[in-house]
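Chain residues, written in single-letter form:
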Amino acid sequence: PYLVDLGVNAIELMPVHPFDPSDNYWGYMPWVWGAVHRPYASGDDAPGELARLIAIAHQHGVEVWLDVVFNHTGEGDASMPTLSLRGLDDANAYLHGADGSYNDDSGCGNVSNSGDPYVQQLIMTALDRLADLGTDGFRFDLASLLTRDGGGLVERITRWGIHRGVRLIAEPWDLAEYQVGKWPLPWLQW
C-alpha cells in the first residue's frame, strides 16, 4: 500500500543550488536557493545547460525531479561564516532558541524560519525559477521542517504545485518530527 506506480520514467537530481564544494560534495548545504551551481556546467550558462538537459530528457519521455533544500542553508551554526540569509536577516530568517542559539532540527546547524514571509517568498521564487527551467517535480529535503509555521508554507507550495503542474515529494521527517503518512495529497513521500 505504500508503493505507488506513477506510470512515469523520472530521474531525480541531487540539489543544484550553489554550495561550497570544499566541504560539501552533495549540494545539501546551499548558499543560494533557486540558482544553479556554476561548476555543474561546462560553460558560463549553468541554468541554460540545466534547461537543455531537462528538454532532452523530455524528448525521451523522462521527467526530471530536483532535490531542493529549503530547510536550512550552508551557513550552519554561529561558528561558521556568514554566506547567505544570516547576512540579510539572521533574527528572522532562522529559528532560534530562547538563548539565541540556532534550532538544529536539521542536523546542519540551523533551520530556516518557514513562517517568515520573506523566507517564504524566497522559497516560492526559487521554485518558480527552477520550474521555469522545465523541472517536473521537486523532492523537499527534510520537508517536515517546512511545517514549523503550522503548515501555511506547505499549503502555499501545494497550491503552487497544482497550478504549475509539478510533482511534489516530501521527505517527511527531521530530527524532532516524524510525519510519514501525514502529508496531504497530491504530495508523494520518500
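See the structure printed just above.
First, a word on what this report is: a plain description of the structure on this page. Since the model is a prediction, treat every value here as computed from it, not as a measurement.

1. A closer look at the sheet that holds strand S3 (residues 137-140)
Pairing within the open sheet is parallel, and its five strands lie in the order S1-S2-S3-S4-S5. At either margin of the open sheet sits one strand with a lone partner, and together these are strand S1 (9-13) and strand S5 (188-189). Of the pairings in the sheet, the one linking strand S2 (residues 62-68) to S3 comprises four bridges and is parallel in character. The residue bridging Leu66 from the neighbouring strand is Phe138, located in S3. Along the sheet face, helix H1 (residues 46-59) touches S1 and S2 and points at about 140° away from the line of S2. Set on the sheet, helix H3 (residues 117-132) makes contact with S2 and S3; between it and S3 the angle comes to about 140°.

2. Points about the side chain of Asp174
Within the element layout of this structure, Asp174 appears in the loop between strand S4 (167-170) and S5. Within the structure, Asp174 has its side chain in polar contact with the side chain of Ser144 (distance 2.5 Å). In terms of polar contacts, Asp174 uses its side chain to reach the side chain of Arg148, at 3.0 Å.

3. Digging into the nonpolar core
With 38 residues, the main nonpolar core has Phe70, Ile123, Leu127, Phe138, Phe140 and Ile157 as its most contacted residues. When residues of this core are traced back to their parent elements, those giving at least two are H1, S2, helix H2 (85-93), H3, S3, helix H4 (152-164) and S4. Of all the elements, H3 adds the most residues to this core, at seven residues. Those residues in contact with Leu127, other than ones at most four positions away along the chain, are Phe70, Phe138, Phe140, Ile157 and Trp160.

4. So, the environment of Glu12
Relative to the helices and strands, Glu12 resides in strand S1. Residue classification places Glu12 among the partly exposed residues on the basis of a relative accessible area of 32%. Placed 54 residues apart in sequence, Glu12 and Leu66 show a C-alpha to C-alpha distance of 5.6 Å. When near neighbours in sequence (up to four residues on either side) are disregarded, Glu12 contacts Trp65, Asp67, Arg139 and Trp190. In this structure the side chain of Glu12 is engaged in a polar contact, spanning 2.8 Å, whose partner is the side chain of Trp190.

5. Comments concerning H3
Across its 16 residues, H3 extends 22 Å between first and last C-alpha, which sits within 8% of the 22 Å expected from 1.5 Å per residue. For H3, the complete set of buried residues consists of Val119, Gln120, Ile123, Met124, Ala126, Leu127, Leu130 and Ala131. Projected onto a plane normal to the axis of H3, the buried residues spread over an arc of 155° and lie on a single side. Projecting away from the buried face of H3 at angles above 90 degrees are the exposed residues Pro117, Tyr118 and Asp132. Summarising the contacts, the buried residues of H3 are in contact with S2, H2, S3 and H4. By the N-cap criterion, in which a side-chain oxygen at the helix start approaches the backbone nitrogen of a residue two or three places on, H3 is capped by Asp116, the distance to Tyr118 being 3.0 Å.

6. Brief notes about a nonpolar patch on the surface
On the surface, Trp173, Leu175, Tyr178 and Val180 cluster together into a nonpolar patch covering about 440 Å² of accessible area. Given the relative accessible area of 58%, Leu175 is considered exposed.

7. Considerations on the packing of aromatic side chains
What characterises a pair of aromatic rings is the spacing of the ring centres plus the angle enclosed by the ring planes. A complete count under the given rule lists eight aromatic pairs for this structure. Taking 5.6 Å as the distance between ring centres and 85° as the angle between the ring planes, the aromatic pair formed by Tyr94 and Tyr102 counts as edge-to-face. In terms of burial, Tyr94 and Tyr102 fall into one category: buried. Where Phe138 meets Trp160, the ring centres are 5.9 Å apart and the plane angle is 55°; that geometry is what we call tilted. Note that Phe138 is positioned in strand S3 and Trp160 in helix H4, a separation of 22 residues in sequence. The pair Phe138 / Trp160 is uniform in exposure class, with both members buried. Members of the aromatic cluster, joined through ring pairs, are Trp33, Phe70, Phe140, Trp183 and Trp187.

Conventions we followed
Residues numbered from 1 in each chain as written. Predicted model: local features only at pLDDT ≥ 70, side-chain atom pairs only at ≥ 80, totals over all residues. Heavy atoms only, no water. Pairing = 2+ DSSP bridges. Helix = DSSP H or I, 4+ residues; strand = E, 2+ residues; numbered from the N terminus. Contact = heavy atoms within 4.5 Å. Axes fitted to C-alpha atoms, helices over the stretch in contact; angles between N-to-C directions. Polar contact = N/O pair within 3.5 Å; in protein donor to acceptor, adjacent residues only side chain to side chain. Core = buried A, V, L, I, M, F, W, Y, C linked by side-chain atoms within 4.5 Å. Buried < 20%, exposed > 50% of the residue type's maximum accessible area, 1.4 Å probe, protein only. Expected span 1.5 Å × (residues − 1). Arc of directions from axis to C-beta. Patch = residues over 30% accessible without salt bridge, like charges linked within 9 Å, V, L, I, M, F, W, Y side chains within 5 Å. Areas by Shrake-Rupley, 256 points an atom, 1.4 Å probe, with all protein chains shown as cover. Salt bridge = Lys/Arg side-chain N within 4 Å of Asp/Glu carboxyl O. Phe/Tyr/Trp six-rings, centres within 6.5 Å; stacked < 30°, edge-to-face > 60°.

Remember that the coordinates give geometry; whether it matters functionally is a separate question.
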